[in-house]
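The primary structure of each chain is shown beneath.
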Amino acid sequence: MKCPTATICSLLALLSMAWTAKQDPSILIIGAGVAGLSTARRLMEAGYSNVKILEAEPRIGGRINSVFFGDAFVDLGARWCHGQNGNVVYQMVEGLDLLGHTEIPFKMYHSSRTVIDEEFAMGLMEAMDGVYSVDGDYPDRYISIGDFCEDRFNSTIHEKYGKDEKKLQIAKEAMYYFEMEVNSNEGSSTWFESTAQSDYLECEGDLVQHWKGKGYKTFLDVLMKKYPEPKNQLPFEDKILLSKEVSEITWNESRPRNSIAAHCSDGSTYTADHLVFTPSLGVLKERMHSMFVPKLPEKKRMAIQNMGYGLVMKVILHYPEIWWKNDCNGFNLIWSDEDRKRAINEFPTGPNLNGRSWVTYMHYSLAVENNPKVLVAWFTGKLVPEIELLSNDTLARGITYVHEKFMGHIYNVTLPDKLIHSDWQSNPHFRGTYSYQTPAAKKGKKATSAQEDLADPIRTAQGRLILQFAGEGTHPHHYSNVHGAVETGFREAERIISYYGKTTNI
Ligand SMILES: Cc1cc2nc3c(=O)[nH]c(=O)nc-3n(C[C@H](O)[C@H](O)[C@H](O)COP(=O)(O)OP(=O)(O)OC[C@H]3O[C@@H](n4cnc5c(N)ncnc54)[C@H](O)[C@@H]3O)c2cc1C
């Protein structure tokens, strides 16, 4: 005779299988950047175990890429945690003593080999900030940052420096620095591409917090619960498949289960009940027509087309000795009009555009915490795709030419002994750096923003949730940031969780 306890046990097992089939649907996540990892974390915490992440790169992290270089980790992608109140990254690491404050350099150098005096430099920074950070006071039409700022900056500097011809000239030339600064914040190639009336919301508190030489990757460990208590870590290792590039996503509404499929470049196919797509807006811009079968709804295609996705490049340089004598934490570079023209002859190697050499697209180099012999040079603008393809030798010589030109009279500038650089535009798994809102996307009175249209999930005719979108570009206010990407991952996980909260079968 069978023991009654065994019968009860097998009944319970049967019941639990029925629960599993109903409540543990299969979920595919495309991309193991922070949005994908956040989706998986929230799902696993809620008890969903049938989760798989397909990642095209041989590493996790996406646009977080911390590399050991010099004496510590440096970041080829995200470097700072921007803000505290309302910043989910900050909230998740608060109390763990992982963040420090970065002093942003305010020293300005002019290409005529002049160090701009502190008071004038502060005055220029304030003029830029006053014009750029203004809230709400826009003409009643869609307008770009360039259109909005150019006139205002001009009138501000005329008011401030109109009586001093020399200062006024430098202030005019600083407009070009100002545009590059806006481009590096927004990710745009010119400041006429990004809207002045954006929905971006800044988190309050310290806006530039670094990871004390350990890189932004520290946050990935916190996100996966590997840190601070390794014993609490979630089983991400079992869920992530690396070097799995998804080339096509197909779905078939008539199939009740596993109705969506991700087809990979290596010939493999994975099916699931739900798919959460997290690759960048750059990937979507390039592949939206070939990747989705059936094609995406028009509202979504328009959103992808109208949103901006930009270009920033970092070149990280290591020097045998600290030639800048550690007396500043970076250099802001103001090119004179004449020197900008001259650069093309003075440093003829490499690409140029409209009579401007690539080297003039560099507007600052910054020191790095816990890494005393390292500087990071920033490039913005339309030439970035070509600059990414330059050899290390040309990059090193070009940047040294710029440092020499601006500071050769103060320092004994040397060539770096090694360098690494980002290639976000050239890499087909990113195709750029971060998203911004364009005047085109803001045009007309729309109830939803392009980000919200992109975030809107695709359901079957019966209302079944099938294809969802996460990633920084889908956040209505914190786009372009890590904290925005995390929130979108949590959002899409919650969407699945609440879907099953309300629905008894899939
Ligand atoms: C240079 C630079 C500086 C930045 N600085 C900051 C900063 O200081 N602070 C800040 O908050 N933010 C910063 N950001 C922005 C921040 O890094 C991003 O907003 C955030 O990391 C985006 O995360 P995500 O998960 O949305 O996208 P991603 O990180 O792009 O993740 C998407 C993943 O999908 C993968 N993928 C792509 N295509 C496929 C495919 N076909 N099949 C499978 N997988 C695919 C990618 O490899 C990637 O891992 C910076 C970004 C860059 C590039």
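Everything numeric here is computed off the predicted structure, so don't read it as measured data.

Each value, and the rule that gives it
- Residues numbered from 1 in each chain as written.
- Predicted model: local features only at pLDDT ≥ 70, side-chain atom pairs only at ≥ 80, totals over all residues.
- Heavy atoms only, no water.
- Helix = DSSP H or I, 4+ residues; strand = E, 2+ residues; numbered from the N terminus.
- Rg over C-alpha atoms; globule rule 2.2 N^0.38 Å.
- Buried < 20%, exposed > 50% of the residue type's maximum accessible area, 1.4 Å probe, protein only.
- Contact = heavy atoms within 4.5 Å.
- Areas by Shrake-Rupley, 256 points an atom, 1.4 Å probe, with all protein chains shown as cover.
- Expected span 1.5 Å × (residues − 1).
- pLDDT = per-residue confidence, 0-100.
- Pairing = 2+ DSSP bridges.
- Axes fitted to C-alpha atoms, helices over the stretch in contact; angles between N-to-C directions.
- Near = heavy atom within 4 Å.
- Polar contact = N/O pair within 3.5 Å; in protein donor to acceptor, adjacent residues only side chain to side chain.
- Phe/Tyr/Trp six-rings, centres within 6.5 Å; stacked < 30°, edge-to-face > 60°.
- Lys NZ or Arg CZ within 6 Å of the ring centre and 35° of its normal.
- Parallel < 35°, antiparallel > 145°, perpendicular 65-115°, else oblique.
- Left-handed = near helix turned anticlockwise from the far one by under 90°.
- Nonpolar A, V, L, I, M, F, W, Y, C, P; charged D, E, K, R; others polar.
- Salt bridge = Lys/Arg side-chain N within 4 Å of Asp/Glu carboxyl O.
- Domains from an automatic or database assignment.
- Buried area = accessible area lost by both parts, 1.4 Å probe.

Chemist: Even after reading the chapter, I still don't get the overall build of the protein, so can you show me in this structure?
Modeler: Along its length, the protein carries 15 helices and 25 strands. Its C-alpha radius of gyration of 25 Å places the protein within 12% of the 23 Å reference for a compact globule of 506 residues. Taken over the C-alpha atoms alone, the protein extends approximately 100 × 50 × 40 Å along its principal axes. Sorting the 506 residues of the protein into buried and exposed places 54% on the buried side. The contacts in the protein between residues at least 6 apart in sequence include a share of 74% that link residues at least 24 apart. In the structure as shown, the protein presents an accessible area of about 21900 Å², 52% of it carried by carbon and sulfur atoms.

Chemist: For this particular structure, what's the right way to read helix α2 (residues 34–45)?
Modeler: Taking 1.5 Å as the rise per residue, α2 with 12 residues should run 16 Å; its terminal C-alpha atoms sit 16 Å apart, in good agreement. With 10 of 12 residues buried, α2 is to be regarded as a mostly interior element. Taken together, the buried positions of α2 are V34, A35, G36, L37, S38, T39, A40, R41, L43 and M44. Downstream of α2 by a residue or two, G47 has a phi angle that is positive, lying close to 95°.

Chemist: What is the right way to look at the confidence of the model for the protein in this model?
Modeler: Low pLDDT means the predicted atomic positions in that stretch should not be read closely. Across the protein, the average pLDDT comes to 91, with 92% of residues at or above 70. In this model residues 1–21 is a low-confidence stretch, pLDDT under 50, and it forms three contacts with partners more than four residues away in sequence or in other chains.

Chemist: What is the right way to look at the sheet that holds strand β10 (residues 246–251) in this model?
Modeler: Within a beta sheet, neighbouring strands are joined by backbone hydrogen bonds and run either parallel or antiparallel to one another. The four strands lie next to each other as β12-β11-β10-β14, forming an open sheet whose pairing is mixed. Only two strands of the sheet have a single partner each, and these edge strands are β12 (269–272) and β14 (292–293). Here β10 pairs with strand β11 (residues 260–264) via five bridges, running antiparallel. Opposite W251, over in β11, you have I260 as the bridge partner. Most of the contacts of helix α8 (residues 281–291) go to β10, to which it runs at about 45°, and overall it touches β10 and β14.

Chemist: What exactly am I supposed to notice about the site of the ligand here?
Modeler: Near the ligand lie 36 residues; those nearest to it are E55, R63, W80, E472 and V482. At a separation of 3.3 Å, an oxygen atom of the ligand approaches a polar backbone atom of V34. A56 places a main-chain nitrogen or oxygen 3.1 Å from a nitrogen atom of the ligand. Within the residue set of the shell around the ligand, elements represented by two or more residues are α2, α8 and α15 (482–502).

Chemist: Honestly, the packing of aromatic side chains in this entry has me stumped. Any pointers?
Modeler: The tally for this structure, following the rule as stated, stands at 27 aromatic pairs. Centre to centre, the rings of Y48 and Y500 are 6.2 Å apart; their planes meet at 55°, and the pair counts as tilted. Of this pair, Y48 sits in the loop between α2 and β2 (51–54) while Y500 sits in helix α15, and the two are 452 residues apart along the sequence. By the burial criterion, Y48 is buried, and Y500 matches it. Taken together, the ring pairs in this structure connect Y109, Y319, W323, W324, F331 and Y411 into an aromatic cluster. Here the basic side chain of R42 rests over the ring of F490, its NZ or CZ set 4.0 Å away from the ring centre.

Chemist: Help me understand the packing of helix α4 (residues 118–132) against helix α5 (residues 145–161), please; the structure alone is not making it clear to me.
Modeler: Each pair of packed helices can be described by the angle between their axes along with the distance between the axes. Contact pair α4 / α5: the axes reach a minimum separation of 9 Å and the direction vectors enclose 140°. With respect to their mutual orientation, α4 and α5 come out oblique. Along this stretch, α4 crosses α5, giving a crossing that reads as right-handed. Contacts between α4 and α5 involve F120, G123, L124, E126, A127, M128, V131 and Y132 from the former and I145, F148, C149, R152, F153, T156, K160 and Y161 from the latter. For the contact of α4 with α5, a count of residues per class yields 11 nonpolar, two polar and three charged.

Chemist: Just to check I follow, could you spell out the packing of α8 against helix α9 (residues 298–306) for this structure?
Modeler: Contact geometry for α8 and α9: axes closest at 9 Å, N-to-C directions at 130°. Taken as axis vectors, α8 and α9 run oblique relative to one another. In this structure, α8 crosses over α9, and the sense of that crossing is left-handed. The segment α8 lies against α9, with L281, L284, K285, M288 and H289 engaging R301, I304 and Q305.

Chemist: Which parts of the structure should I look at to understand the environment of E55?
Modeler: Within the secondary structure, E55 sits in the loop between β2 and β3 (66–69). Sequence-wise, E55 and S243 are 188 residues apart; in three dimensions their C-alpha atoms are separated by 5.9 Å.

Chemist: Looking at this structure, I do not really get the pattern of salt bridges. What am I missing?
Modeler: If charged atoms from side chains of opposite charge come close, those side chains can pair. For the structure on display, the rule yields 25 salt bridges. For the salt bridge of E286 with R431, the shortest nitrogen-to-oxygen distance reads 2.8 Å. Note that E286 is positioned in helix α8 and R431 in the loop between β22 (418–421) and β23 (435–436), a separation of 145 residues in sequence. Among the residues examined, R431 registers a relative accessible area of 23% and is labelled partly exposed. Here K341 ties to E338 by a salt bridge, and the two come within 3.7 Å at their closest N and O atoms. In this pair, K341 and E338 both sit in helix α10 (residues 337–346), three residues apart, roughly one turn of the helix.

Chemist: Just checking my understanding: could you explain the environment of H210 for this structure?
Modeler: Along the polypeptide, H210 turns up in strand β8 (residues 209–210). It is 14 Å that separates the C-alpha atoms of H210 and N481, two residues lying 271 residues apart in sequence. Within the structure, the side chain of H210 is placed 3.4 Å from the backbone oxygen of H101, a separation counted as a polar contact. Within the structure, H210 has its side chain in polar contact with the backbone nitrogen of K212 (distance 3.0 Å).

Chemist: Explain the domain arrangement of the protein here, please?
Modeler: It is common to report an interface's size as the accessible area lost on association of the parts. One can read the domain layout of the protein as domain 1 (25–64 + 216–306 + 446–502) and domain 2 (108–202 + 312–421). When each unit is reduced to the centre of its C-alpha atoms, the spacing between domain 1 and domain 2 is 36 Å. Together domain 1 and domain 2 conceal approximately 490 Å² of surface at their shared face, both sides included; 45% is due to carbon and sulfur atoms. Of all residues in domain 1, H477, H478 and Y479 give up the largest surface area on contact with domain 2, accounting jointly for 66% of the area buried on that side.

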